[in-house]
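Each chain, written out:
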Amino acid sequence: MLIALVVANMTYLGSLSAQKKEPNNVEDWSKQPTSIKPVVGATPPSDAIVLFANDNLSQWESLRQKGAPAAWKVDGPQFTVEPGTGDIITKQSFGDCQLHIEWNIPENEVQNNLNFGNSGIYFMGLYEVQIYSSYNDEHKIYYNGQAGSIYKQHAPLVNACLPAGTWQTYDIVFTAPRFRCDNSVESPASFTVFQNGVLIQNHVTLIGPTSHGPHTEYKSHEDALPLLLQEHGSKVSYKNIWIRNL
Ligand code: MG
């Protein structure tokens, strides 16, 4: 026992001295992280692309009618889903990214509307982080369909929802899937999601695009595609949206 401890200790000291002698073995000087101005309150960091901050939807367009203006209702620093007008998509395309988005389901919308504040953020137009009125699980839905779920694939780790009528945040890290030349999947898409500052999805991987029906399989697609906001008949409001390419 004593001999084993001595040997282990010598090995440890030996490895320490090796590190001291050859510090470059563990020091990474290959790529300096770029200095940026980080988030302070609601202000986007300096390297973010602002997708909505002021009073227009110039970064967005209608999904139904490519090139047509997004028909959702803008009201100062926020905008709201206009039921019946369809989804909206960004004019720019994105692959791996970090997204910040703030959303609010009006109280009367939850009381009067059977969709209970259903909307959602589809990365690449294919992979949905769900928006739904799930405070205290008040409008019961399958767990992998409540707010913060990766729709029909991953329930959130906890329910971090605030009541309807309250602004909430998502901070989402998305990794796009990779495809081989033969269109097979090299690596699946993945999400890490914070809701209102709380980790609710921890690097979960997707089995394919999210879908209301049976699971669908990956189909090879571009490295970057537009971000989509879902119109599901509920008047969900959004504000302060920014994205960082990774
Ligand atoms: Mg949805």
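Per chain, residue numbering runs from 1 following the sequence as it is written. Totals for whole chains, interfaces and linings use every residue, but because this is a predicted model, local features are given only for residues with pLDDT of at least 70 and side-chain atom pairs only at 80 or more, for both listing and counting. Based on all heavy atoms of the structure, the side-chain values leave hydrogens and waters out of the count.

Q: Tell me about the overall build of the chain, and name the residues and values.
A: Assigned secondary structure in the chain consists of 2 helices and 15 strands. Relative accessibility decides the category of a residue: with a 1.4 Å probe and only protein chains considered, values under 20% of the type maximum give buried, values over 50% give exposed, and everything between is partly exposed. Put simply, the chain has 246 residues, and 43% of those count as buried. Working rule for contacts: check all heavy atoms of both residues, and any pair within 4.5 Å makes them a contact. In the chain, the proportion of contacts linking residues at least 24 apart, taken out of those at least 6 apart, comes to 65%. With an accessible surface of roughly 13,500 Å², the chain has 55% of that area assigned to carbon and sulfur atoms. Secondary structure elements follow DSSP: runs of H or I of four or more residues count as helices, runs of E of two or more count as strands, with numbering from the N terminus. Residue-level accessible areas treat just the shown protein chains as cover; the underlying method is Shrake-Rupley with a 1.4 Å probe.

Q: Now, about a nonpolar patch on the surface: what can you tell me, with residues and values included?
A: Together, L157, V158 and V198 give the surface a local cluster of nonpolar side chains, amounting to about 240 Å² of exposed area. Positionally, V198 belongs in strand β13 (residues 198-205). Like charges are joined within 9 Å and nonpolar side chains (Val, Leu, Ile, Met, Phe, Trp, Tyr) within 5 Å, but only among residues with over 30% relative accessible area and no salt bridge; these make up the patches. We define a salt bridge as a contact between a side-chain nitrogen of Lys or Arg and a carboxyl oxygen of Asp or Glu at a distance within 4 Å.

Q: I'd like to hear about the coordination of the magnesium ion, residue by residue, with values.
A: Think of it this way: four donors in a tetrahedron around the metal ideally sit 109.5 degrees apart, and six in an octahedron ideally sit 90 or 180 degrees apart. Within the first shell, the magnesium ion binds the protein through N118 (OD1), S119 (O), E128 (OE), Q130 (OE1) and Q230 (OE1), at distances of 2.2 to 2.3 Å. Keep in mind that water is not among the atoms, so a site may look incomplete; donors are the N, O and S atoms within 2.8 Å of the metal, or 3.2 Å for Na, K and Ca. For the magnesium ion, the single-chain donor residues occur in sequence as N-S-x8-E-x1-Q-x99-Q. Placement of N118 in the loop between α2 (107-112) and β7 (119-123) and of Q230 in the loop between β14 (225-229) and β15 (237-245) is noted, with a sequence separation of 112 residues between them.

Q: Talk me through the nonpolar core; I want residue IDs and the actual numbers.
A: A general trend in soluble globular proteins is that nonpolar side chains are found buried together. Y170, F191 and Y238 are the most contacted members of the largest nonpolar core, which has 49 residues in total. Among the elements that make up this core, the one with the highest residue count is strand β6 (residues 97-104) (4 residues). What makes a nonpolar core is a set of buried Ala, Val, Leu, Ile, Met, Phe, Trp, Tyr and Cys residues whose side-chain atoms join them at distances within 4.5 Å.

Q: Quick rundown of empty space enclosed by the protein? Include the residues and the values.
A: The probe, sized like a water molecule, is rolled over the atoms to show the empty space still left. Grid points spaced at 1 Å and placed over the protein atoms alone form the basis of the search, with a cavity being a set where a 1.4 Å probe fits but cannot get out and a pocket an open set showing protein on both sides within 12 Å along at least five of seven lines. Lining residues have an atom within 4 Å of a point. Grid points are joined across faces, edges and corners, and a volume is the space filled by probe spheres set on the points. Across all of its chains, the model carries 1 cavity of 30 Å³ or more by this definition. As a volume, the largest cavity reaches approximately 40 Å³. Residue lining of the largest cavity: W103, I105, Y132, S133, S134, L162, P163, A164, G165 and Q168, and that is the complete set. Any residue that is not Ala, Val, Leu, Ile, Met, Phe, Trp, Tyr, Cys, Pro, Asp, Glu, Lys or Arg is counted as polar, Gly included; the first ten are nonpolar and the last four charged. By residue class, the composition of the lining of the largest cavity is 6 nonpolar, 4 polar and no charged.

Q: Tell me what's going on with the sheet that holds β7, and back it up with residues and numbers.
A: The 5 strands lie next to each other as β2-β5-β14-β7-β8, forming an open sheet whose pairing is antiparallel. If you trace the sheet from one side to the other, it starts and ends with β2 (60-62) and β8 (127-131), each paired once. Averaged over all pairs of adjacent strands, the angle between strand axes in this sheet comes to 30°, irrespective of strand direction. Of the pairings in the sheet, the one linking β7 to β8 comprises 5 bridges and is antiparallel in character. Residue pairing for β8: S119 is matched across the bridge by I131. A strand pair is defined by DSSP finding two or more bridges across the two strands. Every axis in this analysis is a line fitted to C-alpha atoms, fitted for helices over the stretch in contact. Angles between the N-to-C directions lie between 0 and 180 degrees.

Q: Which residues make up unusual backbone geometry, and what values do they have?
A: Phi at D137 takes a positive value of approximately 55°, unusual for a residue other than glycine. Summarising the element assignment, D137 is placed in the loop between β8 and β9 (168-175). For H203, which is not a glycine, the phi torsion comes out positive at approximately 50°.

Q: How would you sum up the pairing of β9? Please name residues and give values.
A: Note that β6 and β9 share 7 bridges and pair antiparallel. Bridging from a neighbouring strand, Q98 pairs with V173 of β9. Two elements, β9 and strand β12 (residues 190-195), share 6 bridges in a ladder whose sense is antiparallel. Within β12, the residue paired with T175 across the bridge is S190.

Q: A description of the packing of aromatic side chains should follow, citing residues and the corresponding values.
A: In summary, the pairing rule links any two rings of Phe, Tyr or Trp, Trp by its six-membered ring, whose centres are within 6.5 Å, and it sorts them by plane angle into stacked for under 30 degrees, edge-to-face for over 60 and tilted for everything else. By the definition in use, this model includes 14 aromatic pairs. Judged by centre distance (5.2 Å) and plane angle (50°), the rings of W103 and Y170 are tilted. Separated by 67 residues along the polypeptide, W103 in strand β6 and Y170 in strand β9 bring together distant segments of the chain. Assessed through its relative accessible area of 1%, W103 is described here as buried. Here Y170 falls in the buried class, since its relative accessible area comes to 0%. Among the aromatic residues, those joined into a cluster by ring pairs are F123, Y127, F174, F179, F191 and Y218. Either the NZ atom of lysine or the CZ atom of arginine qualifies as a charge over a ring when it sits within 6 Å of the ring centre and within 35 degrees of the ring normal. Note that K239 overlies the ring of W167, its terminal NZ or CZ placed 4.6 Å from the centroid.

Q: Explain the environment of Q130 to me, and be specific about the residues and the numbers.
A: Tracing the chain through its elements places Q130 in strand β8. If we ignore the near neighbours within four places in the chain, the residues touching Q130 are N118, S119, G145, Q146, A147, G148, S149, Y151, Y170 and Q230. In this structure the side chain of Q130 is engaged in a polar contact, spanning 3.0 Å, whose partner is the backbone oxygen of G145. Each polar contact in these results corresponds to two N or O atoms within 3.5 Å; when the atoms are within protein, one needs to be able to donate a hydrogen and the other to accept it, and residues that are neighboring in sequence are counted only if both atoms are side-chain atoms.

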